[in-house]
Amino acid sequence: MFDLNIKGDSYEKNLRLAMQAASYDWEHINFAYDQNNFDLALTFKQDLQNNLKNMIDVDYTLNIKSDNPNEIRKITRKYRNKASCISVSGGNLKVNRTSLENIQVDILSKPYFKRYDAGINHVLAREANDNNVAIEIVFNDILKSYLAHRSKILANFREIYRLHRKYEFPLVLSSGAESIFDIRTVKDFQAVFTQTGLTEMEVNNSFRTSFDILEFNKDRKNMILSGVRVVE
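Only a predicted model underlies this, so the values are computations on that prediction, with no experimental measurement involved.

Thresholds applied
Residues numbered from 1 in each chain as written. Predicted model: local features only at pLDDT ≥ 70, side-chain atom pairs only at ≥ 80, totals over all residues. Heavy atoms only, no water. 1 Å grid on protein atoms, 1.4 Å probe; cavity = no way out; pocket = protein on both sides within 12 Å on 5 of 7 lines; lining within 4 Å. Points joined across faces, edges and corners; volume = space filled by probe spheres on them. Nonpolar A, V, L, I, M, F, W, Y, C, P; charged D, E, K, R; others polar. Axes fitted to C-alpha atoms, helices over the stretch in contact; angles between N-to-C directions. Helix = DSSP H or I, 4+ residues; strand = E, 2+ residues; numbered from the N terminus. Parallel < 35°, antiparallel > 145°, perpendicular 65-115°, else oblique. Contact = heavy atoms within 4.5 Å.

Draft legend 1. Just empty space enclosed by the protein, in detail. Under the counting rule described, the total for this entry stands at one cavity of 30 Å³ or more. Its volume calculated, the largest cavity comes out at about 30 Å³. Forming the boundary of the largest cavity are D3, W26, F139, S175, D182, I183, R184 and F189. Looking at side-chain class alone, the lining of the largest cavity contains four nonpolar, one polar and three charged residues.

Draft legend 2. View of the packing of helix α5 (residues 93-100) against helix α6 (residues 122-131). Look at α5 against α6: their axes get within 8 Å of each other, and the N-to-C directions meet at 30°. One way to sum up the angle between α5 and α6 is to call them roughly parallel. Facing N96, R97 and L100 of α5, the residues of α6 in contact are V123, L124, E127, A128 and N131. Split by residue class, the contact of α5 with α6 holds four nonpolar, two polar and two charged.

Here it is in structure tokens:
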């Protein structure tokens, strides 16, 4: 069970959060840092992994936050070989499109953020499929919303599910947890998303997608293009 988007913090807070996640049956989590904090977080990543060995696997996601398409492309190139996963925070239509057109990006996170629609349409859904860029839906957006706002978020989720089924782009489900109080058990996590309109198989496939992203990026430097890899 994989979660690629837990908000990264200090070494001590990450350690507590990872231990809580392990007690809830999560197998792997990625702590997400933006481009301004990623390098500093790298300085204690190995210590964190060593202290959590045999308990839970941890790594980092670079979560790019920018409304400038050129800056997004530049940051992606800079960190591609340093991050096990690169996501871009969506919401802005230009950002959504730029991210889904870029094969160096793994995930477009929350394309619906601060929007009255899902943030993607059939054209962008095709781009996501063609470039193998996953769309990420975040559990915390349900957890921390209420009434009409929550209803709109759920409607956006259902629209993304519809496009996912039609155009078959990768779908990732993440917690977006910011503290130990936001973490839920794997079973609770699965149950909530099945209530929003996904099947149990689709939820499990999202975990598989997260695993596939991490596995692909372990060998990304040897990938010439999709399906073609340099071997010795």
